[in-house]
Amino acid sequence: MAQPGQDAKFFQRGKIEEFRADLQAAETKDKKFVKRKTVLKKIVANITMGNDMSPLFTDVVQCLGTPLLEIKKMVYLFLMSYGRAKPDQIHLDCNDRNPLIRALAIRTMSYIPIPVVTDALTENLRHCLKDRDAYVRKTAAICVAKLYNADLRRAEKGGFVEMLRDLMLDSNATVVANAVAALSEIGDRQDGVIFRLNLTTAYKLLAALGESSEWGQIYILDCLLRFVPERHSDAEDMAERIIVQLQHANSAVVLTTIKALLYLMNYMEKRRLIDYCFFFCKYNDPIYVKLAKLEIMYRLARAENAGEVLSELQEYATEVDIDFVRKAVRSIGRLAIKVEAAADQCIQALLNLLETKVTYVVQEAIIVIKDVFRRYPGKYEGIIPTLCENLDSLDEPESKAAMVWIIGQFANRIDNAEELLDDLLYTFLEESVEVQLALLTAAVKLFVYKSSSDRAKELVHKVLKWATEEVDNPDLRDRGFMYWRMLAVNPAAARDIVLAEKPPITTDSDRMDRGALDQLLLHTGTLGSIYHKNPETFIRNATGKALVDSPALNPHSRMVLVPLTQPQLPPTVVSVPGPGPVESHALPPTAAATADLIGTDPDNTAPPPPVSQPSLKTNGDDADTQSDQEDDDAEPTSRATANDPYSNLGGAFGNYLVDEPRPMTSNTRGRSDEDDLLF
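Quick notes on the rules
- Residues numbered from 1 in each chain as written.
- Predicted model: local features only at pLDDT ≥ 70, side-chain atom pairs only at ≥ 80, totals over all residues.
- Heavy atoms only, no water.
- Helix = DSSP H or I, 4+ residues; strand = E, 2+ residues; numbered from the N terminus.
- Buried < 20%, exposed > 50% of the residue type's maximum accessible area, 1.4 Å probe, protein only.
- Areas by Shrake-Rupley, 256 points an atom, 1.4 Å probe, with all protein chains shown as cover.
- Expected span 1.5 Å × (residues − 1).
- Arc of directions from axis to C-beta.
- Contact = heavy atoms within 4.5 Å.
- Polar contact = N/O pair within 3.5 Å; in protein donor to acceptor, adjacent residues only side chain to side chain.
- Axes fitted to C-alpha atoms, helices over the stretch in contact; angles between N-to-C directions.
- Parallel < 35°, antiparallel > 145°, perpendicular 65-115°, else oblique.
- Left-handed = near helix turned anticlockwise from the far one by under 90°.
- Nonpolar A, V, L, I, M, F, W, Y, C, P; charged D, E, K, R; others polar.
- Patch = residues over 30% accessible without salt bridge, like charges linked within 9 Å, V, L, I, M, F, W, Y side chains within 5 Å.
- Salt bridge = Lys/Arg side-chain N within 4 Å of Asp/Glu carboxyl O.
- Core = buried A, V, L, I, M, F, W, Y, C linked by side-chain atoms within 4.5 Å.
- Phe/Tyr/Trp six-rings, centres within 6.5 Å; stacked < 30°, edge-to-face > 60°.
- Lys, Arg positive; Asp, Glu negative; His and termini not counted.
- Charge placed at Lys NZ, Arg CZ, Asp CG, Glu CD.
- pLDDT = per-residue confidence, 0-100.

1. A look at the overall build of the protein chain
No. 1: Across its full length, the protein chain carries 31 helices and four strands.
No. 2: Relative to its full complement of 679 residues, the protein chain shows a buried share of 51%.
No. 3: For the protein chain, the exposed surface amounts to about 33,100 Å²; the carbon and sulfur share of it is 52%.

2. Things to note about helix α25 (residues 474-489)
No. 1: The terminal C-alpha atoms of α25, which comprises 16 residues, lie 22 Å apart, in line with the 22 Å expected from a rise of 1.5 Å per residue.
No. 2: For α25, the full list of buried residues reads Leu476, Gly480, Tyr483, Met486 and Leu487. Projected onto a plane normal to the axis of α25, the buried residues spread over an arc of 135° and lie on a single side. For α25, the exposed residues lying more than 90 degrees away from the buried face are Arg485, Ala488 and Val489.
No. 3: Buried residues along α25 sit against α23 (433-449), α24 (454-469) and α26 (491-498).
No. 4: The opening residue of α25, the one whose side-chain oxygen lies 3.0 Å from the backbone nitrogen of aspartate 475, is asparagine 473.

3. Here's the deal with the packing of helix α13 (residues 232-242) against helix α14 (residues 251-265)
No. 1: Orientation of α13 relative to α14, taken along the N-to-C sense of each, is 165°, at an axis distance of 10 Å. On the basis of the axis angle, α13 is roughly antiparallel to α14. The element α13 and its partner α14 pack so that their crossing is left-handed. In this structure, α13 uses Ala235, Met238, Ala239 and Ile242 to contact α14, whose residues at the interface are Thr257, Ala260, Leu261 and Leu264.
No. 2: Tallied by class, the residues present in the contact of α13 with α14 amount to seven nonpolar, one polar and no charged.

4. Some points on a nonpolar patch on the surface
No. 1: On the surface, Leu527, Ile530 and Tyr531 cluster together into a nonpolar patch covering about 330 Å² of accessible area.
No. 2: Here isoleucine 530 is to be found in helix α28 (residues 528-531).

5. Section: unusual backbone geometry
No. 1: Despite not being glycine, lysine 357 has its phi angle at roughly 60°, a positive value.
No. 2: Along the chain, lysine 357 turns up in the loop between α18 (343-354) and α19 (359-375).
No. 3: Although it is not a glycine, histidine 532 sits at a positive phi angle of roughly 60°.
No. 4: Structurally, the position occupied by histidine 532 is in the loop between α28 and α29 (555-558).

6. Considering the nonpolar core
No. 1: Core analysis: the largest hydrophobic core is formed by 98 residues, its most contacted members being Ile43 and Leu125.
No. 2: When near neighbours in sequence (up to four residues on either side) are disregarded, leucine 125 contacts Ile106, Ala140, Cys143, Val144, Leu147 and Phe160.
No. 3: Counting 88 residues, the second largest nonpolar core, distinct from the first, contains Ala317, Ile369, Phe428 and Val498.

7. Quick word on the packing of aromatic side chains
No. 1: With the rule as written, the count across this model stands at nine aromatic pairs.
No. 2: On the basis of an interplanar angle of 55° and a centroid distance of 6.1 Å, the ring pair of phenylalanine 57 and phenylalanine 78 is categorised as tilted. Note that phenylalanine 57 is positioned in helix α3 (residues 57-61) and phenylalanine 78 in helix α4 (residues 69-82), a separation of 21 residues in sequence. With respect to class, phenylalanine 57 is no different from phenylalanine 78; both count as buried.

8. What about the environment of valine 368?
No. 1: Position of valine 368 relative to the elements: it lies in helix α19.
No. 2: Considering only alpha carbons, one finds valine 368 and isoleucine 332, 36 residues apart in sequence, at a separation of 8.2 Å.
No. 3: Excluding residues that lie within four positions of it along the chain, valine 368 makes contacts with Val329, Arg330, Gly333 and Leu350.

9. Regarding the pattern of salt bridges
No. 1: For the structure shown, the criterion picks out 29 salt bridges.
No. 2: Of the charged contacts in the structure, one is a salt bridge between glutamate 70 and lysine 37, with a shortest N-O distance of 3.6 Å. Placement of glutamate 70 in helix α4 and of lysine 37 in helix α2 (residues 34-48) is noted, with a sequence separation of 33 residues between them.
No. 3: Between glutamate 364 and arginine 330 there is a salt bridge, with its nearest N and O atoms 2.9 Å apart. Remark: arginine 330 occurs in helix α17 (residues 322-338) and glutamate 364 occurs in helix α19; sequence separation between them is 34 residues. Of the two residues, glutamate 364 and arginine 330, neither departs from the other in class, the shared state being buried.
No. 4: Each of Arg326, Arg330, Glu364, Glu396 and Glu398 takes part in one network of salt bridges that share partners.

10. Remarks on the side chain of glutamate 418
No. 1: Within the element layout of this structure, glutamate 418 appears in helix α22 (residues 417-425).
No. 2: Setting aside its immediate chain neighbours within four residues, glutamate 418 contacts Leu446, Lys450, Ser453, Arg455 and Leu459.

11. A closer look at the environment of threonine 256
No. 1: Here threonine 256 lies in helix α14.
No. 2: The sequence separation of threonine 256 and leucine 522 amounts to 266 residues, and the corresponding C-alpha distance is 9.9 Å.
No. 3: Beyond its immediate stretch of four places on either side in the chain, threonine 256 contacts Ile218, Leu221 and Asp222.
No. 4: Only 2.7 Å separates the side chain of threonine 256 from the backbone oxygen of alanine 252, close enough to count as a polar contact.

12. As for helix α6 (residues 115-128)
No. 1: The end-to-end C-alpha distance of α6, which contains 14 residues, comes to 20 Å, matching closely the 20 Å that a straight helix rising 1.5 Å per residue would cover.
No. 2: Among all positions of α6, only Val117, Thr118, Leu121, Thr122, Asn124, Leu125 and Cys128 are buried.
No. 3: Buried-residue contacts for α6 involve α5 (99-110), α7 (134-150), α8 (152-157) and α9 (160-167).

13. Overview of a negative patch on the surface
No. 1: A cluster of like negative charges, contributed by Glu315, Glu319, Asp321 and Asp323, occupies part of the molecular surface.
No. 2: Relative to the helices and strands, glutamate 319 is located in the loop between α16 (306-316) and α17.
No. 3: Under the relative-accessibility criterion, glutamate 319 is labelled partly exposed at 32%.

14. Structural notes on the environment of arginine 495
No. 1: Examined against the element boundaries, arginine 495 turns out to sit in helix α26.
No. 2: Distance in space between the C-alpha atoms of arginine 495 and tyrosine 449 is 8.4 Å, their sequence separation being 46 residues.
No. 3: Beyond its immediate sequence surroundings of up to four residues, arginine 495 is in contact with Val448 and Ala500.

15. Digging into the confidence of the model for the protein chain
No. 1: Considering every residue of the protein chain, the mean pLDDT works out to 79; 80% of them sit at 70 or more.
No. 2: Predicted confidence is poor over residues 567-659, with pLDDT under 50, and the contacts of this stretch with residues over four places away or in other chains come to 158 contacts.
No. 3: When the criterion is pLDDT under 50, residues 669-679 qualifies, and its contacts beyond four places in sequence or with other chains add up to 34 contacts.

16. Some points on the side chain of lysine 72
No. 1: Within the secondary structure layout, lysine 72 lies in helix α4.
No. 2: For lysine 72, the side chain forms a polar contact with the main-chain oxygen of leucine 64, separated by 2.6 Å.
No. 3: For lysine 72, the residues in contact, after removing those within four places along its chain, are Leu64, Thr66, Pro67 and Ile101.

17. Some words on the packing of α6 against α7
No. 1: Remark: α6 packs on α7, axes separated minimally by 10 Å, with the N-to-C direction vectors making an angle of 140°. By the criterion of interaxial angle, the relationship of α6 to α7 is oblique. In this structure, α6 crosses over α7, and the sense of that crossing is left-handed. On α7, the residues touching Thr118, Leu121, Leu125 and Cys128 of α6 are Val136, Arg137, Ala140, Cys143, Val144 and Leu147.
No. 2: Grouping the constituent residues of the contact of α6 with α7 by class yields eight nonpolar, one polar and one charged.

Now the structure itself:
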């Protein structure tokens, strides 16, 4: 066997005449086929480099009679590249005693999608799907998908899709995985079958999951999205059986498992089974994992589990890792903003953290308490004296700006607001722009609240003079001029502007519509999850996915079900003469009605499929395929333009990890705690 790197010498441009002469000479002198094997390696290398080797077709095909398997493989590779040129000279032995040769033969034929080869492939493929050797069966399963792409009608008439369904119950896990992969590829076409699983078949696939390769596991896990649970217990049991795959070493397996779990959550009744405790941090987790888990815990927090999440966050706030502690403290404040029922507990937790006098803990606590004041105006202002006691420990711009905002906003309730602000103004010119802006606004608010105070007048005059004469930052200077002119021209208007009612804030400004999210989660791990669009909106011939209604679907998901649509993609300027499959838009009214009846779910548990799709429901032995359309010359009609449910999402998750709460809009004011991500 050749060692790695030794075949590099064959990648040199050769001449057709030399290769032909070497092959002809090898027929008489090369008894051990060494010379012939060397020449074929050179030919395959030239094909790989893009050189045209088609003139050698006849000479290479004659090598099929060689009993050496390695030579046969190279001839098959040659035929895959040039078999379309001379299909009449292709004579592959699909009945060889060697299962490897039988599998190679049908695989090569499936790569040559022309009528002559497809005719010969059909019957051989039918036998290979029932071959006694598992390697031949698993290869034949993939060949069915290629036959379906080459000749959809032939594949449906020949019953190959039903034979694939039977292979899903095969005793060999690799055969099962390949059958699932082939059916999924067929089902993902807009003109493909409607591929669904029943409970029996789903459990058969789960049984094969542990014996499959990692890529077979991906196909099987992805296929579970085609199973619609009719009972809550079915979804819960299935989730328990696949959750172990989250520990898999292959990240693709883990991601596909997450996608399957997110799908099954929609059909679960016991909300406690949706286990947020899984995301509790472990002592040996890397810091990036801990930070990600904190974000997920916050996202999953709600009134019913806020107490447990808060206890966990309080424990994290006593860790030694500074970044982790900061994130934990900030998460406590965000939890108070998100879950109103837990706000009191969160505030008490933050006050306890202030008592630790740890500088970075105190600073993070003050930052989030400022947001809590915005979220619940008039409710927690009694803790302001406690915050003011920690004024000297603030040395970071964000925390100092937050404290300055609190002093200015509540200057009418703080007896010594002038003294506090005067102390902070000593270093005005050395502060960051963020703190300077906060000090400027706070001084104006203090003056508006206490316009009769000489000290307040002195402070605001001093700050305005610094901001307009001794500061180079244009934002600060312009704001100083604006405040100065407002106070000089119309103090009443300045009061209305500076002390205007501020809208409550929320941390959920980055959330998308629940129905759109449910549908988008079905495409986790694909480009759709990056673009925030369903694949059918930007990939031609791709089919959409959506949750299917059933008795087990929870009410929250049922309320926001999104029907499948067929968006109009830009047409391709390609004209293929001759007969072919009838597109959905070309069906006459009677044919369209027939296709609609064939594709309708008898239990009314799914949205109607596209009219061009035949239906295959893997419910035991029941399988329906679309009848052949005979009228190829029907007048095409224009498709209705479908609405894209994701067209207005924009960067919905662009700020997913940003902690800063946002002003609450009219769309978020009425949102209840029950309306949450994933639930």
